[in-house]
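Listed below are the residues making up each chain.
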Amino acid sequence: MKKEELAKLVNEYGDAIITYRSEKSNKLKYNVCTLDFSTPYIKKKKSRAKETDRTLLLFCWDTDSYRLLKPKSITSVVPLASVLRNE
């Protein structure tokens, strides 16, 4: 998956469950992420992570932190609303 494609999907979904393959263990893992950093809760969180052309900076609700994910390792992006059955 390309960085622009991942960003477009996450922006479209708002919150998304992103499944990726770990580089270290080669196991599938997931995070519940957003690119909307405008909420007061997320604004209070600090991050020193620097996005590159090979990574995308997201806020992950399940780890309560910012994460740099590599789009090439992403296996699926699912809207959180569909899992929660929100309209």
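Residues numbered from 1 in each chain as written. Predicted model: local features only at pLDDT ≥ 70, side-chain atom pairs only at ≥ 80, totals over all residues. Heavy atoms only, no water.

Undergrad: Help me get a handle on the sheet that holds strand β5 (residues 74-79), residues and values and all.
TA: The strand order across the open sheet built from five strands is β4-β3-β2-β1-β5, with neighbouring strands paired in antiparallel fashion. Edge strands, defined here as strands with exactly one partner in the open sheet, are β4 (65-69) and β5. Direction aside, neighbouring strands of the sheet carry axes that sit 40° apart on average. The pairing of strand β2 (residues 28-34) with strand β3 (residues 56-60) spans two bridges and is antiparallel. (Pairing = 2+ DSSP bridges. Helix = DSSP H or I, 4+ residues; strand = E, 2+ residues; numbered from the N terminus. Axes fitted to C-alpha atoms, helices over the stretch in contact; angles between N-to-C directions.)

Undergrad: Break down the layout of surface pockets for me, with residues and values.
TA: One number sums up the size of the largest pocket: a volume of about 260 Å³. Elements that contribute at least two residues to the lining of the largest pocket include exactly β1 (15-21) and β4. With three residues, β4 is the single largest residue contributor to the lining of the largest pocket. Taken together, the residues of the lining of the largest pocket sort by class into three nonpolar, three polar and six charged. (1 Å grid on protein atoms, 1.4 Å probe; cavity = no way out; pocket = protein on both sides within 12 Å on 5 of 7 lines; lining within 4 Å. Points joined across faces, edges and corners; volume = space filled by probe spheres on them. Nonpolar A, V, L, I, M, F, W, Y, C, P; charged D, E, K, R; others polar.)

Undergrad: Give a detailed account of the environment of proline 79, specifying residues and quantitative values.
TA: Relative to the helices and strands, proline 79 resides in strand β5. Beyond its immediate sequence surroundings of up to four residues, proline 79 is in contact with Tyr13, Asp15 and Ala16. (Contact = heavy atoms within 4.5 Å.)

Undergrad: Residue-level account of the pairing of β3, with values.
TA: Most of β3 is tucked away, with five of its five residues classed as buried. Covered by surrounding structure in β3 are Leu56, Leu58 and Cys60 together with Leu57 and Phe59, the residues of both alternating faces. Across five bridges, β3 lies against β4 in antiparallel orientation. Across the sheet, residue leucine 57 finds its bridge partner in β4, namely leucine 68. The antiparallel pairing of β3 with β4 creates a hairpin that spans four residues between the two strands, and aspartate 64 there sits at a positive phi of about 55°. (Buried < 20%, exposed > 50% of the residue type's maximum accessible area, 1.4 Å probe, protein only.)

So yeah, pure geometry; function would need other evidence.
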